[in-house]
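One-letter residues, chain by chain:
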Amino acid sequence: MRLGMVIDLKRCIGCYGCQVACKAENGTRPGTTYARLLKIETGTFPNVRRTTLPLLCMHCADPPCVDVCPTGASQKREDGIVFIDTEWCVGCRACMMACPYGARYYQDEAHLYFGDVLTPYEEVRYADHLEGVVEKCDFCRHRLEQGLEPACVANCMAKARIFGDLDDPESEVSRLVREEAGFQLNPELGTDPSVFYLAAVR
Amino acid sequence: MALDDRLDLRRSDLSLTYRPQREWIEGRGLLLVIAHFFSAAGAGAWIFGAWFDVRAAQIVALVTIAILSGWAHVFFLGRWSRFWRMARRPHRSWISRGLWSMGIYMVGAVGVLLVGGDEGPIGDVLLAVSLAGAGLLLLYEGFVYSASVGIPFWRTVMLPLLSVAYGLRGGAAVLLILAALGEGTFDIDAVEVVKLWVVLSTAVLVAIYLAAAGRAGGAARESMRQLVSGRISPVFYGGTIAVGIVVPLALGAASLIGGSALLLLGVIGGASLIGDFYVRYSIVKAGVYVPLQGAGLPAVGGRG
């Protein structure tokens, strides 16, 4: 099994719904956005085009972040999910240097949204997040265990995100990659990401 | 840095095609560069101290590695009390190997210093162990950076070579400073020749490294551009080139021709060490991530 995602750039409307859903689901601190968007403008006036590029951890089949981790905190599961066991992370940030996709976030201080006081929400949610460690998207492992899809997939109003088993040729993700020419970001690096994109114009 | 400043910085990085790395150079990240500087200079000082039989250099080496480098490494970490966990994966991680190298070196070095002038088999074994550890310390730093897939400027076999060369430079510089301070009796002329050779070698290696980066294109070329004509050029030309290469070469050549004044040798050593630090600082600060690219997409940064 190789869990992966296909993101249809033609469907994505750049609403930031995935980013907000991820933040709400994982209770991440300010500045930490496991799921995020890049807005790319191409062309010159009047022929200008804006493309939204959703980004997250690519859960690479050959993850360089796992190789460089000195403690084994960064791990790859049998189902392909790359995750961080923050109880083992020492915060050396070697994984951040290794990751070409900017998917990892170092939790260096207890940044708060509202001054120096934790809101009741922050008190509850930030308790799950240690300082001095690195965090990232883990395809919402806790939701997968309950038979749910990752929060970004479930909340995408445009149905631009499809999640499934890339090793199953009959799955929707496999079909889309095969039939719609799904592409990876920076395949030349040899990381073999498990997140594929479908072109905005096709 | 205040939260708003950090978020603004992150947003501005997002607009860049070539997003600079900041975790290993800004804030506490600077401690990592300092740690690598101390471990390399210490390892070089140990090797030269053993070669020229200068006990003072060996003591300086042990203190530099065990205390200065060791603590800088530890306090760089986000969860420093867990540092021992970094020993878990020497089969995969160069950081793990670095920790083991430091341990191997310290066992051998402490043994050598305790045994004193014992030339017997025990002393020989301890010396061999310490030299092996010092050699690994010289190497590991370069490989830690070259393992960074996300930063093409570092992803080259030149970095381990530079790491070794600059470590040996640092070691020779320590000997020159000790000579200026009147510590130890040794063949200072031989040290000068070695020093001159190492300085020339590092200058050539830096030139080759930058030329290769320029030809590589993309993010590596951008890093090189930032180093030689961009935001890092003042530090690079001032610290790495002027103080670190030109001054030692000029003064070294002058001392070879006109005779060695000890104070002059101390200045050469000091300048060389400053250059050693700044070459590391410059290379680490120049690291930019490979821009994200896919079919039909223009190259973009990636931090959200």
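For clarity, every value in this text was computed on a predicted model and none was experimentally measured.

How each quantity is defined
- Residues numbered from 1 in each chain as written.
- Chains lettered and ligands numbered in written order.
- Predicted model: local features only at pLDDT ≥ 70, side-chain atom pairs only at ≥ 80, totals over all residues.
- Heavy atoms only, no water.
- Pairing = 2+ DSSP bridges.
- Helix = DSSP H or I, 4+ residues; strand = E, 2+ residues; numbered from the N terminus.
- Axes fitted to C-alpha atoms, helices over the stretch in contact; angles between N-to-C directions.
- Buried < 20%, exposed > 50% of the residue type's maximum accessible area, 1.4 Å probe, protein only.
- Lys, Arg positive; Asp, Glu negative; His and termini not counted.
- Salt bridge = Lys/Arg side-chain N within 4 Å of Asp/Glu carboxyl O.
- Polar contact = N/O pair within 3.5 Å; in protein donor to acceptor, adjacent residues only side chain to side chain.
- Core = buried A, V, L, I, M, F, W, Y, C linked by side-chain atoms within 4.5 Å.
- Phe/Tyr/Trp six-rings, centres within 6.5 Å; stacked < 30°, edge-to-face > 60°.
- Lys NZ or Arg CZ within 6 Å of the ring centre and 35° of its normal.
- Contact = heavy atoms within 4.5 Å.
- Buried area = accessible area lost by both parts, 1.4 Å probe.
- Nonpolar A, V, L, I, M, F, W, Y, C, P; charged D, E, K, R; others polar.
- pLDDT = per-residue confidence, 0-100.

Caption draft 1: Inspection of the sheet that holds strand β8 (residues 161–165) of chain A at higher detail. Residue and element names in this part refer to chain A. Spatial ordering of the open sheet is given by β8-β1-β9, a layout of three strands whose pairing is mixed. Pairing within the sheet leaves two strands with one partner each, and these edge strands are β8 and β9 (195–198). Averaged over all pairs of adjacent strands, the angle between their axes in this sheet comes to 20°, without regard to strand direction. Bridge count between strand β1 (residues 3–8) and β9: four bridges; the pairing is parallel. Paired with V6 across the bridge in β9 is F196.

Caption draft 2: A look at the side chain of A:R104. Residue and element names in this part refer to chain A. With respect to the secondary-structure elements, R104 resides in the loop between α3 (94–98) and β6 (105–106). Here R104 is buried and forms no salt bridge, its nearest opposite-charge partner D67 lying at an N-O distance of 11 Å. At 3.0 Å, the side chain of R104 and the side chain of S74 are in polar contact.

Caption draft 3: Focus on the nonpolar core. Counting residues in hydrophobic clusters, the biggest one holds 91 residues, and the most contacted among them are B:W24, B:Y105, B:F153, B:W154 and B:Y209. Looking at this core element by element, the count peaks at 12 residues for helix α6 (residues 158–180) of chain B. Membership of the second largest hydrophobic core comes to 35 residues, among which are A:L9, A:C18, A:I40 and B:L292.

Caption draft 4: How the structure looks around the packing of aromatic side chains. Scanning all chains against the criterion turns up 20 aromatic pairs over all chains. Measuring from ring centre to ring centre gives 5.4 Å for B:W46 and B:Y105, while their planes differ by 90°; the resulting arrangement is edge-to-face. Of this pair, B:W46 sits in helix α2 (residues 30–51) while B:Y105 sits in helix α4 (residues 94–115), and the two are 59 residues apart along the sequence. When sorted by exposure, B:W46 lands in the same class as B:Y105, which is buried. Feature note: the residues B:F37, B:F38, B:F277, B:Y278 and B:Y281 constitute an aromatic cluster, connected by ring pairs. Above the face of the B:Y289 ring, B:R19 is positioned so that its terminal group lies 4.0 Å from the ring centre. Sitting above the plane of the A:W88 ring, B:R88 keeps its charged end 4.0 Å from the centroid.

Caption draft 5: Region of the structure containing the interface of chain B and chain A. Taken together, the contact between chain B and chain A spans 45 residues of the former and 53 residues of the latter. Across the chain B/chain A interface, buried area totals approximately 4000 Å², and carbon plus sulfur atoms make up 58% of it. Along the contact surface separating chain B from chain A lie two salt bridges. One salt bridge in this structure joins A:D67 and B:R92, with 2.0 Å as the shortest N-O distance. Linking chain B with chain A are 25 residue pairs in polar contact (both at pLDDT 80 or more), by the criterion used here. Residue assignment for the side of chain B that touches chain A shows that the elements contributing at least two residues are α1 (3–14) and α4 of chain B. A total of five residues in the side of chain B that touches chain A trace back to one element, the largest contributor, which is α1(B). A class-by-class count of the residues in the side of chain B that touches chain A yields 21 nonpolar, 12 polar and 12 charged.

Caption draft 6: Representation of the confidence of the model for chain B in the model. Per-residue confidence for chain B gives a mean pLDDT of 88; residues scoring 70 or more make up 90%. Across the assembled chains, the prediction reports ipTM 0.89 with pTM 0.91.

Caption draft 7: Helix α1 (residues 17–26) of chain A, seen in detail. All names here are of chain A. Those residues of α1 lying buried are C18, Q19, A21, C22, K23 and N26. On its buried face, α1 sits against β2 (36–44), α4 (120–125), α5 (141–144), α6 (151–155) and β8. One or two steps after α1, the chain reaches G27, where phi turns positive at roughly 60°.

Caption draft 8: Representation of the side chain of A:D79 in the model. Residues and elements named next belong to chain A. Following the sequence through the fold, D79 ends up in the loop between β4 (74–76) and β5 (82–84). Judged by its relative accessible area of 13%, D79 falls in the buried class. A polar contact of 2.5 Å, which involves the side chain of D79, links it to the side chain of R77. Among the polar contacts made by the side chain of D79, one reaches the main-chain amide nitrogen of I81 at a distance of 3.2 Å.

Caption draft 9: Structural view of unusual backbone geometry. The amide bond that connects A:F45 to the next residue, A:P46, takes the cis arrangement and shows omega of 5°. Structurally, A:P46 is set in the loop between β2 and β3 (47–55). Even without a glycine there, the phi angle at A:A181 is positive, about 55°. Relative to the helices and strands, A:A181 resides in the loop between α7 (172–179) and β9. Owing to a relative accessible area of 55%, A:A181 belongs among the exposed residues under this scheme. One non-glycine residue, B:D53, adopts positive backbone phi at about 55°.

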